[in-house]
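Spelled out, the chains give:
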Amino acid sequence: MTISIGNDHAGPEYKKAIIELLESKGYTVNNYGTDTADSVDYPDFVHPVASDVNDNKVDLGILICGTANGVAMTANKYKNVRAGVCWTKEITELTRQHNNANICCIPARYTAPQQAVQIVETFLATEFEGGRHQRRVEKINLSC
């Protein structure tokens, strides 16, 4: 499985811990994030991740910023992306089960690095339930 990851200045420590987890499990990781706490513009790191997911170049994406809202808003501009803000194990499970999220957005200012690793583990281990949720997911994209 291949995963793209991106982050702004709020997430280098989180990204490092997540990449260590992913690589220990044998995943291939495309790293588009910054490695420093120097201020950057989060969309610059979101677009490559969202593009990879949108174009089926990777299986899933992970994005990290302070609140996760900015990265989710940016990623969700792509037609085939369903980016969910994940800050607890339960929210993460439901984001995958009910919304078939393909990008996990982690709020670094509201989680700890180890919690973020657990969120990613949950994201990867949880499957989309389909059924009644499939019909709802199909209604997300606009036709205009």
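Parameters and conventions
- Residues numbered from 1 in each chain as written.
- Predicted model: local features only at pLDDT ≥ 70, side-chain atom pairs only at ≥ 80, totals over all residues.
- Heavy atoms only, no water.
- Helix = DSSP H or I, 4+ residues; strand = E, 2+ residues; numbered from the N terminus.
- Expected span 1.5 Å × (residues − 1).
- Buried < 20%, exposed > 50% of the residue type's maximum accessible area, 1.4 Å probe, protein only.
- Contact = heavy atoms within 4.5 Å.
- Phe/Tyr/Trp six-rings, centres within 6.5 Å; stacked < 30°, edge-to-face > 60°.
- Lys NZ or Arg CZ within 6 Å of the ring centre and 35° of its normal.
- Core = buried A, V, L, I, M, F, W, Y, C linked by side-chain atoms within 4.5 Å.

*Asks:* An account of helix α1 (residues 12–24) is requested, with residue identities and associated values reported.
*Replies:* With 13 residues, α1 extends 18 Å from end C-alpha to end C-alpha; this agrees with the ideal 18 Å at 1.5 Å per step. When we look at burial in α1, the residues that qualify are P12, Y14, K15, I18, I19, L21 and L22. Considering only its buried residues, α1 is in contact with β1 (2–7), β2 (28–31), β3 (60–65), β5 (103–107) and α5 (113–125). Of the residues flanking the end of α1, it is G26, one or two places downstream, whose phi is positive at about 90 degrees.

*Asks:* So, the packing of aromatic side chains: which residues are in play, and what are the values?
*Replies:* Counting across every chain of the model gives zero aromatic pairs. Here the guanidinium or amino end of R96 rests over the ring plane of F123, the centre of that ring lying 5.0 Å away.

*Asks:* Describe helix α2 (residues 43–54), naming the residues involved and giving the relevant values.
*Replies:* Over its twelve residues, α2 extends 15 Å from the first C-alpha to the last, a length consistent with the 16 Å expected when each residue adds 1.5 Å. Positive phi shows up at N56, right after α2, with a value of about 60 degrees.

*Asks:* Provide a residue-level description of the nonpolar core, including the pertinent values.
*Replies:* Judged by nonpolar contacts, the single largest core of 23 residues is most densely connected at I18, L22, I62, I64, I106 and V120. Broken down by element, this core gets its largest block of residues, six residues, from α5. Not counting residues within four places of it along the chain, the set of residues in contact with I106 comprises I18, I62, L63, I64, C65, A68, C86, T111, A116, I119 and V120. Membership of the second largest hydrophobic core comes to 15 residues, among which are V58, C65, A72 and A75.

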